[in-house]
Amino acid sequence: MKMKRLITCLLTLILLVSTALVGCSSGDSGKGSAGEGDVPQELTYASTTKAVGLSPIETNDSVSSRVIEQIYETLFVRDPETMEIVPKLAESYENPDPKTWVIKLKEGVKFHDGTDFNAEAVKYTFDKFRDPETAAPRASLLEPIESIEVKDEYTVIIKTKEPYGPMLAALSHTNASIVSPTADEEGNLNKEPVGTGPFKFVEWVSGDHISLEANEEYWQDPPQLEKVTFKVVPEVNTAVSMLQTGEVQFIDGLTAEHLPRLESLKNVEIMKKEGTPISYLGFNMQKDPSSELPFRQAVAHALNREAYVEKLKGLGVQSNSIIGPKVFGYDKSAEQSGYEYDPEKAKQLLEENGYDGKEVKMLVANTPVYMNMAEIVQAQLKEAGLKPQIETLEWGTFLDVSKKGEFDITFLGWTNSTADGSELLYPNLHSDNIGSSNRVQYSNPEFDKLVDESRNIVDQEERKQKLMEANEMVVKDIPWVVMNHGIVTAAYDKSVKGLEMDPTGQWSLYNVHRE
């Protein structure tokens, strides 16, 4: 009996201990809980400049877009591997005629404020985007649209003035993201964004950080990251140090100067991919001497762009063509239309036309890439016989001042988020957009006609031919000197898994997690 009682007591004790251990385990703590040794599902991205705003309608800079792309979504997206355009918030589409787009929308999707995503929300977004009073920086994306009709709760009918070849590319652009009409009418989306995306806005401390959290009610599976922080780190060296120590886990837009150090870090992965971005020197086409072709030719001949690209250490591709190799409409024949490095020819043009010794105002944003570019160009133009002066401005201020044309020469880039040549040439160089996205104020009726035709044709081969002709014309006219086409890059902590970048440089954190 004593032995039997002892065994019974031991079994009871074992049962009690087991129950206590189960009660203390983390097995019921839910998604993203971090036990001992687990990596928190949080990620901090470092940006050298601050966002301008968080409304896709009212902004048009890459820094703001990085945040916007996590909060909002578009009707269509470009597959990062195939570069084909596929539905996102759209379910399907059809063209009953070349000027009509019938788009079926996904059902059951909600905005972060709990309101429904539907055809009314699409119409509201696009109507506001196109309204001249809104003055949307990328209004040109949807300029060809004549009307937007709500057929039923989940069907919109878009009618265009003329056939619009790049329609799907335009609807995949970050600036065509769909916003919550309720949130827009009741608040300020530029400061408190409300979309349908995998992450929701938490706070914005201007000049310091923007915080997002997982959207647990997301229409697909919730993201694995629970918290995302966009941290402003003005100095690249500081950002690299923070990546090294684990204070941040992700930076992009790497520069040649910092690449060797990044490649030496054992806890860091490097991603490089030939991309669609372009960096260029732009002339003020409404101000002498930049408005004069001999001056632009002299500057183009004075620039040793091959040497500049070599200094990028594999982070750039040399080209004369404005439409780059990864953008629809590129043809290598345009490379022959540009102006090669010829310092003697540059000096000759400057002397013959009375430009020798002329002061030139170069307006530059205070980002590492543009500052480096400007300093190299300044040295080369001095050698040719000009007196270039650099004026440096903070990014947001630079955008305002450059739009007003207060420069002789400036430096800018374009990410080509649609990867379509029409949506490169039209916003940047068509006379319709002088005063907004055409910062160099280029105006050429013959060029405008070719670009218009590339937009008003649905047949893609015909579109490509028009783009080739327009591209060759503008390369010869030189409102821009192409400094380089981009290699999209990122450096991230080895704990970060699932990060993808497409050739446009865009990235989503939806599929990212940490191990």
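Structure: above.
Chains are numbered independently. Their residues run from 1 in the order of the written sequence. A pLDDT threshold of at least 70 governs which residues receive local features in this predicted model, and a stricter bar of 80 or more applies before side-chain atom pairs are shown or counted, although totals over entire chains, interfaces and linings include all residues. Calculated side-chain values reflect all of the structure's heavy atoms, with hydrogen atoms and water omitted.

(A) View of the overall build of the protein chain. The secondary structure content of the protein chain amounts to 15 helices and 19 strands. By its C-alpha atoms, the protein chain is 120 × 55 × 40 Å across when sized along the principal axes. Out of the 515 residues in the protein chain, the part that is buried amounts to 54%. Contact definition: two residues touch when any of their heavy atoms are within 4.5 Å. Of the contacts formed within the protein chain by residues at least 6 apart in sequence, a portion of 69% connects residues at least 24 apart. Where helices and strands are cited, they refer to DSSP runs of H or I of at least four residues and of E of at least two residues respectively, numbered from the N terminus. Per-residue accessibility, obtained with a 1.4 Å probe over protein chains only, is compared with the maximum for each type, and a residue is labelled buried under 20%, exposed over 50%, and partly exposed between these values.

(B) View of the side chain of T489. Its place among the elements puts T489 in strand β17 (residues 480–493). Not counting chain neighbours up to four residues away, the residues in contact with T489 comprise D252, G253, L254, M271, K272, L315 and M501.

(C) Molecular detail of the side chain of H209. Of note, H209 is situated in strand β9 (residues 209–214). Relative accessible area serves as the criterion here: at 15%, H209 is assigned to the buried category. Side-chain atoms alone can form a polar contact between residues adjacent in sequence; in general such a contact is a pair of N or O atoms within 3.5 Å, and within protein one must be able to donate a hydrogen while the other accepts it. Of the polar contacts made by the side chain of H209, one reaches the side chain of D208; its length is 2.5 Å.

(D) Molecular detail of the layout of surface pockets. Note on definitions: the grid is 1 Å and covers protein atoms alone; a cavity is a set of points where a 1.4 Å probe fits but cannot get out; a pocket is an open set with protein on both sides within 12 Å along at least five of seven lines; lining residues have an atom within 4 Å of a point. Grid points are joined across faces, edges and corners, and a volume is the space filled by probe spheres set on the points. The computed volume of the second largest pocket comes to approximately 700 Å³. What lines the second largest pocket is a set of 27 residues, and nearest its centre among them are V77, R78, K88, W507 and S508. Going through the elements one at a time, α2 (62–71), β2 (76–78) and β3 (85–87) are the ones with two or more residues in the lining of the second largest pocket. Nonpolar residues are Ala, Val, Leu, Ile, Met, Phe, Trp, Tyr, Cys and Pro. Charged residues are Asp, Glu, Lys and Arg, and all others, Gly as well, are polar. The residue makeup of the lining of the second largest pocket, split by class, is 11 nonpolar, nine polar and seven charged.

(E) Just the pattern of salt bridges, in detail. Within this document, salt bridges are pairs made up of a side-chain nitrogen of Lys or Arg and a carboxyl oxygen of Asp or Glu, the two lying within 4 Å of each other. Scanning the entire structure with this criterion turns up 20 salt bridges. Between K161 and E143 there is a salt bridge whose closest N-O contact spans 3.2 Å. Here K161, found in the loop between β7 (155–160) and α4 (167–171), pairs with E143, found in the loop between α3 (119–130) and β6 (145–152); they are 18 residues apart in sequence, far enough to count as distant. You can call K161 partly exposed: its relative accessible area is 39%. A single salt-bridge network, built from bridges that share partners, covers R138, E143, K161, E423 and R455.

(F) Fine view of the packing of aromatic side chains. Geometry of aromatic contacts follows a simple scheme: Phe, Tyr and Trp rings, the Trp one being its six-membered ring, pair when their centres are within 6.5 Å, and the pair is stacked under 30 degrees between planes, edge-to-face over 60, tilted otherwise. A complete count under the given rule lists 16 aromatic pairs for this structure. With a centroid separation of 6.3 Å and an interplanar angle of 10 degrees, the aromatic rings of F230 and W507 are classed as stacked. Within this pair, whereas F230 is found in strand β10 (residues 227–232), its partner W507 is found in the loop between β18 (496–497) and β19 (513–514), the two being separated by 277 residues in sequence. Both residues of the pair, F230 and W507, belong to the buried class. A ring pair is formed by F295 and Y355, whose centres lie 5.3 Å apart and whose planes are at 80 degrees; its orientation type is edge-to-face. A residue pair is termed long-range when its members are at least 10 positions apart, and F295 in helix α8 (residues 293–302) and Y355 in the loop between α10 (343–352) and β14 (359–365) qualify at 60 residues. Judged by its relative accessible area of 0%, F295 is buried. Here the aromatic residues Y45, F230, F250 and W507 are joined through ring pairs into a cluster of three or more. In this scheme, the term charge over a ring applies when either NZ of a lysine or CZ of an arginine sits within 6 Å of the ring centre and within 35 degrees of the ring normal. When the ring centre of W204 is taken as reference, the NZ or CZ atom of K191 above it lies at 6.0 Å. We note R455 situated over the ring of Y426; from NZ or CZ to the ring centre the distance is 3.6 Å.

(G) Fine view of the sheet that holds β7. Strands sit in the order β4-β5-β7-β6 across an open sheet of four strands; the sheet is antiparallel. With partners counted over all chains shown, the strands left at the sheet margins are β4 (90–97) and β6, one partner each. Within this sheet the neighbouring strands show an average axis-to-axis angle of 20 degrees, counted without direction. In this analysis, strands are considered paired if DSSP registers two or more bridges between them. Here β6 pairs with β7 via six bridges, running antiparallel. Bridge assignment links S147 to a residue of β7, and that residue is K159. Comment: axis = line fitted to C-alpha atoms, over the contacting stretch for helices; angle = value between 0 and 180 degrees taken between N-to-C directions.

(H) Expanded view of the pairing of β14. Within β14, five of the seven residues are buried, leaving the element largely enclosed by the surrounding structure. Of the strand pairs in this sheet, β14 and strand β15 (residues 387–393) are connected by seven bridges, and their pairing is parallel. Bridge pairing in β15 places M362 opposite I390. When the strands point away from the viewer, a crossover counts as right-handed if the route from the first strand across the helix to the second turns clockwise. Taken together, β14, helix α11 (residues 368–384) and β15 constitute a β-α-β crossover, and its handedness is right-handed.

(I) The packing of helix α13 (residues 422–429) against helix α14 (residues 445–455), seen in detail. Direction vectors running N to C along α13 and α14 enclose 140 degrees, while the axes themselves pass 10 Å from each other. The pairing of α13 with α14 is recorded here as oblique in orientation. Crossing geometry of α13 relative to α14 is assigned as left-handed. Taking contact as the criterion, the partners of S422, E423, L425, Y426 and L429 in α13 are, on α14, F447, D448, V451, D452, S454 and R455. Our angle categories are set so that under 35 degrees counts as roughly parallel, over 145 as roughly antiparallel, 65 to 115 as roughly perpendicular, and the remainder as oblique. Crossings are classed by handedness, with left-handed meaning an anticlockwise turn of the near helix from the far one by less than a right angle and right-handed meaning a clockwise turn.

(J) Inspection of unusual backbone geometry at higher detail. With omega at 0 degrees, the peptide bond leading from D288 into P289 counts as cis. When you line up the elements, P289 lands in the loop between β12 (268–283) and α8. The backbone of K313 shows a phi angle near 55 degrees, a positive value even though the residue is not glycine. Note that K313 resides in the loop between α9 (305–311) and β13 (316–317). By relative accessible area, K313 is classed as partly exposed at 47%.

(K) Quick look at α8. Among the 10 residues of α8, eight are classified as buried, and the element is accordingly described as predominantly covered. On its buried face, α8 sits against β12, α10, β14, α11, α15 (460–477) and β17.

(L) Structural detail: the environment of K345. As for its position among the elements, K345 is in helix α10. Under the relative-accessibility criterion, K345 is labelled partly exposed at 33%. Sequence separation between K345 and A256 is 89 residues; the distance between their C-alpha atoms is 30 Å.

Nothing here speaks to function; it is all geometry.
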